Amino acid sequence: MPDLRQRFFIEDSPVRGEVVHLEDALQTILAQRDYAPAIKILLGEMLSATALLASTLKIKGRISLQIQAAGTFKWGMAECNHLGEVRALADYEEDPHFTQATDSSTVLQTLVNPVLFINIEPEFGERYQGIVPLDKPTLAGCLMQYYDLSAQIPTRIVLASSQQRSGGILIQLLPRNSEEEQKRVDEDLWPRLTMLTETLKAEELTNLEANEILYRLYNEEDVRLPEAEILKFGCTCSKQRCADALIQIGAAAVRETLESQNPIGMDCQFCNSHYEFTAEEALGLFGEHLS
Ligand SMILES: [Zn+2]
């Protein structure tokens, strides 16, 4: 099954949604580190969630979810941009919970003082950061609470991941414009759709094609499907970004690093790409020359 995001609309209603499926991209990401099983599942769910959230934005740029905590789990992040490129990474110490568990909730329960950040970085314009309390047993539950409280857009999200495949579905009840408010509305539509959505089983979400999922759930409704969007693994690292990072740490720190490491080597944690800066290149960033 291809990695994709399928948006859908219930005709003549303010309900929209989307289904995502990740397989190749997830496996590429998980193969880059030796992750424990429960961490793989959590990263899979975080990836599905960012791919869903990215589609709710009307911007060029990227959105990321980042969990930070004290305790054995340090942090995890997943990102999706407007091109459908996803990447993810986690850092944690060994913990038997992570090796034995077969779900992400176990990881969430071990988190000490956890915070979930939603970062939105438009290509142009201001960045936004939302902070979500991680006080529900599932990632989907935390995100739904965020939408209900912050965006005040009724939203249902179901996420599921195995160590090979992840999937997610999101449906939203959008605010109606004045013209739409004039129309007669099916008051039962939203409760009916949310109830149906919640009947979806984890293995259906990870193993079935998007169209099959939508058919099983909403075959009584008039569902419109635009063309599916491709999702893929993609990393935004570059030598220029590494150069920016060196400029950020400053000339003094770069000179000090060069004493023990010349050329300076930098590895991208997301894709294992390796970048090197000779002393001349590194100092050149600050307009300095080798003396
Ligand atoms: Zn990279």
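See the structure above.
Because the structure is predicted, anything quoted here is derived from the model rather than measured.

K.L.:
I'm lost on the pairing of strand β14 (residues 274–277) in this one. Help?
P.N.:
Consecutive residues of a regular strand have side chains that alternate between opposite faces of the sheet. Burial along β14 is one-sided: the face carrying Tyr275 and Phe277 is buried and the face carrying His274 and Glu276 is not. Pairing analysis gives four bridges linking strand β13 (residues 264–267) to β14, with the strands arranged antiparallel. Opposite isoleucine 264, over in β14, you have phenylalanine 277 as the bridge partner. The antiparallel pairing of β13 with β14 creates a hairpin that spans six residues between the two strands, and asparagine 272 there sits at a positive phi of about 65 degrees.

K.L.:
I would appreciate a short explanation of the nonpolar core in the present structure.
P.N.:
Most often, soluble globular proteins keep nonpolar side chains buried together rather than apart. Counting residues in each nonpolar core, the largest one holds 56 residues, and the members touching the most others are Ile39, Ile67, Phe73, Ile118, Leu143 and Ile157. No other element matches helix α2 (residues 37–56), which puts 11 residues into this core. Two domains each put at least three residues into this core: domain 1 (4–233) and domain 2 (239–284). Contact partners of phenylalanine 73, with chain neighbours within four places excluded, come to Ile39, Leu42, Ile67, Ala90, Asp91, Tyr92, Phe98, Val107 and Leu111. Core analysis: the second largest hydrophobic core is formed by 20 residues, Ile169, Ile171, Leu200 and Ala210 among them.

K.L.:
Would you take a moment to explain the packing of α2 against helix α5 (residues 139–151) for this structure?
P.N.:
Each pair of packed helices can be described by the angle between their axes along with the distance between the axes. Here α2 crosses α5 at 25 degrees, and the two axes come no closer than 11 Å. Accordingly, the angle class assigned to the pair α2 and α5 is roughly parallel. Helix-helix and strand crossings are classified by hand; for α2 and α5 the assignment is right-handed. Judged by residue contacts, Glu45, Met46, Ala49, Leu53 and Thr56 of α2 engage Leu139, Leu143 and Tyr147 from α5. Looking at the contact of α2 with α5 residue by residue, the class counts come to six nonpolar, one polar and one charged.

K.L.:
I would appreciate a short explanation of the pairing of strand β9 (residues 166–173) in the present structure.
P.N.:
With seven of eight residues buried, β9 lies mostly within the body of the structure. For strand β2 (residues 15–22) and β9, the ladder comprises eight bridges, and the chain directions are antiparallel. By the bridge assignment, histidine 21 is partnered in β9 with glycine 167. In sequence, strand β8 (residues 155–161) turns back onto β9 through a hairpin of four residues.

Definitions and limits used
Residues numbered from 1 in each chain as written. Predicted model: local features only at pLDDT ≥ 70, side-chain atom pairs only at ≥ 80, totals over all residues. Heavy atoms only, no water. Buried < 20%, exposed > 50% of the residue type's maximum accessible area, 1.4 Å probe, protein only. Helix = DSSP H or I, 4+ residues; strand = E, 2+ residues; numbered from the N terminus. Pairing = 2+ DSSP bridges. Core = buried A, V, L, I, M, F, W, Y, C linked by side-chain atoms within 4.5 Å. Domains from an automatic or database assignment. Contact = heavy atoms within 4.5 Å. Axes fitted to C-alpha atoms, helices over the stretch in contact; angles between N-to-C directions. Parallel < 35°, antiparallel > 145°, perpendicular 65-115°, else oblique. Left-handed = near helix turned anticlockwise from the far one by under 90°. Nonpolar A, V, L, I, M, F, W, Y, C, P; charged D, E, K, R; others polar.

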